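Architecture and fold: a report
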Amino acid sequence: ARIISATMLAEYAYALRVGGIVYMITDVKDLYDWSVRHLDAFPLFERIPEEELENDPAIPCVVNSTEEGKKVARNKGSKYLACYRRIEDPAEKQ
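So, here is what we can say about the structure in this document. In this text, all values refer to a predicted model and were calculated from it rather than measured experimentally. (Residues numbered from 1 in each chain as written. Predicted model: local features only at pLDDT ≥ 70, side-chain atom pairs only at ≥ 80, totals over all residues. Heavy atoms only, no water.)

Some remarks on unusual backbone geometry
How we decide: What counts as a helix is a DSSP run of H or I of at least four residues, what counts as a strand is a run of E of at least two, and both are numbered from the N terminus. Relative accessible area decides the class of each residue, using a 1.4 Å probe on protein chains only: under 20% of the type maximum gives buried, over 50% gives exposed, and in between gives partly exposed.
Even without a glycine there, the phi angle at K76 is positive, about 55°. Topologically, K76 is positioned in the loop between α5 (67-74) and β3 (80-86). Taking the relative accessible area as the measure of exposure, K76 reaches 74% and is therefore exposed.

And the structure:
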């Protein structure tokens, strides 16, 4: 079961308030590409530009604090990060 799917994205959108953030990181490029495609296509999330993430205090934790993240760093592997903001439902604006 993937943590990014149409069903799970609907659950995340339901649980997150407008402005809430989904932080997605992996060391598998194909999984990153697949996840980004699904997040980009989901209407209640928008990708946060990298410039905005430079000052996000959660990023170092997301990138470096998990055991998996530490293992990838020790092995000098790549990490692929994408962050998405929960946006207002366009249908609710009308």
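Having seen the structure, we can now continue with the description.
Observations concerning the sheet that holds strand β1 (residues 21-26)
We count it as follows: One requirement defines pairing of two strands: DSSP has to find at least two bridges between them. In this analysis an axis means a line fitted to C-alpha atoms, helices contributing only their contacting stretch, and an angle means the value between N-to-C directions, from 0 to 180 degrees. Any two residues whose heavy atoms approach within 4.5 Å at even a single point are treated as in contact.
Across the sheet, which stays open at both edges, the three strands sit in the order β1-β3-β2 with antiparallel pairing between neighbours. Strands with a single pairing partner mark the edges of an open sheet, and in this sheet they are β1 and β2 (45-47). Pairwise comparison of adjacent strand axes, ignoring direction, gives a mean angle of 30° for this sheet. Sheet analysis places β1 next to β3, joined by six bridges and oriented antiparallel. Paired with M24 across the bridge in β3 is A82. Relative to β3, helix α2 (residues 29-41) is tilted by about 15°, and along the sheet it contacts β1, β2 and β3.

Comments concerning α2
What counts is decided by this rule: A helix's residues, less one, multiplied by 1.5 Å, set its expected span. In this description, the arc belongs to the directions extending from the helix axis to the C-beta atoms.
The end-to-end C-alpha distance of α2 is 18 Å, a good match for the 18 Å that 13 residues give at a rise of 1.5 Å each. All of the buried residues in α2 are Y32, S35, V36 and L39. Down the axis of α2, the smallest arc covering the buried residues is 100°, so these residues share one side. Turned more than 90 degrees off the buried face of α2, the exposed positions are D30, R37 and A41.

Overview of the pattern of salt bridges
Heads up, the rule is: Salt bridges are counted wherever a side-chain nitrogen of Lys or Arg sits within 4 Å of a carboxyl oxygen of Asp or Glu.
A complete count under the given rule lists five salt bridges for this structure. In this structure, R85 engages E52 in a salt bridge whose closest nitrogen and oxygen atoms are separated by 2.7 Å. Of the two residues, R85 sits in strand β3 while E52 sits in helix α3 (residues 50-53), which places them 33 residues apart along the sequence. Taking the relative accessible area as the measure of exposure, E52 reaches 43% and is therefore partly exposed. With its nearest N and O atoms 3.5 Å apart, the salt bridge here joins K71 to E68. Taken together, the positions of K71 and E68, both in helix α5 and three residues apart, correspond to about one turn of that helix. With a relative accessible area of 38%, K71 lands in the partly exposed category.

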